[in-house]
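Coordinate inspection notes
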Amino acid sequence: MVQDGDGDGYGDPFLLEWYCDAPDGYVSNYDDCDDTEPETYPGAAENESATSCMADIDRDGFGDDNPASGTVSGSDCDDNSDETYPGAAELDSASVCM
């Protein structure tokens, strides 16, 4: 089991401990790339990658284009606004970040 400090269901691979049953705050998944941010884990940016570890702070489905070290860059030009992402202005562009 690994400790899940941010509660996103993904644990810190460097905090491995052996338990038969997981105590509170521990999970069997150790794929978290940033265990301090609950919106950063593999598949967080569901519109971009089901496997890449991206930050999606605003939960719009697109990963931060300037993430913290250890995470993959996404295409969200403003990860602080859930209304700004590629294709948000669908009458103007289906791909430009507006």
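Residues numbered from 1 in each chain as written. Predicted model: local features only at pLDDT ≥ 70, side-chain atom pairs only at ≥ 80, totals over all residues. Heavy atoms only, no water.

**Some points on unusual backbone geometry**
Residues other than glycine seldom take positive phi values, yet Arg-59 does so here, at roughly 60°. For Arg-59, the location among the structural elements is in the segment after strand 4 (53-55). (Helix = DSSP H or I, 4+ residues; strand = E, 2+ residues; numbered from the N terminus.)

**Observations regarding the packing of aromatic side chains**
Under the definition given, this model contains two aromatic pairs. The interplanar angle of 15° and the centroid separation of 5.0 Å between the aromatic rings of Tyr-10 and Tyr-41 together place this pair among those described as stacked. Remark: Tyr-41 occurs in strand 3 (residues 40-42) and Tyr-10 occurs in the loop between strand 1 (2-3) and strand 2 (26-27); sequence separation between them is 31 residues. When the centroid spacing of 5.0 Å and the interplanar angle of 15° are considered together, the rings of Phe-62 and Tyr-85 count as stacked. On the criterion of sequence distance, the pair formed by Phe-62 in the segment after strand 4 and Tyr-85 in the segment after strand 4 is long-range, its members being 23 residues apart. Under the relative-accessibility criterion, Phe-62 is labelled buried at 12%. We classify Tyr-85 as partly exposed; its relative accessible area is 23%. (Phe/Tyr/Trp six-rings, centres within 6.5 Å; stacked < 30°, edge-to-face > 60°. Buried < 20%, exposed > 50% of the residue type's maximum accessible area, 1.4 Å probe, protein only.)

**Some points on the environment of Ser-73**
Its location among the elements puts Ser-73 in the segment after strand 4. For Ser-73 and Trp-18, which are 55 residues apart along the polypeptide, the C-alpha to C-alpha distance reads 33 Å. Sequence-distant contacts of Ser-73, defined by excluding residues within four places in its chain, comprise Met-54, Asp-64, Asp-65 and Pro-67. A polar atom in the side chain of Ser-73 sits 3.0 Å from the backbone oxygen of Asp-65. (Contact = heavy atoms within 4.5 Å. Polar contact = N/O pair within 3.5 Å; in protein donor to acceptor, adjacent residues only side chain to side chain.)

**What to know about the state of the cysteines**
Per the counting criterion, the structure on display carries two disulfides. Between Cys-33 and Cys-53 runs a disulfide, and the two sulfur atoms are separated by 1.7 Å. One quick way to see it: the torsion about the S-S bond of Cys-33 and Cys-53 is about -80°, and its sign makes the bridge left-handed. One end of the pair, Cys-33, is in the loop between strand 2 and strand 3; the other, Cys-53, is in strand 4, and 20 residues separate them in sequence. A relative accessible area of 25% places Cys-33 in the partly exposed class. On the accessibility criterion, Cys-53 (11% relative accessible area) is buried. Here the chain pairs its bonded cysteines, counted in sequence order, in the arrangement 1-2, 3-4. (Disulfide = S-S within 2.5 Å.)

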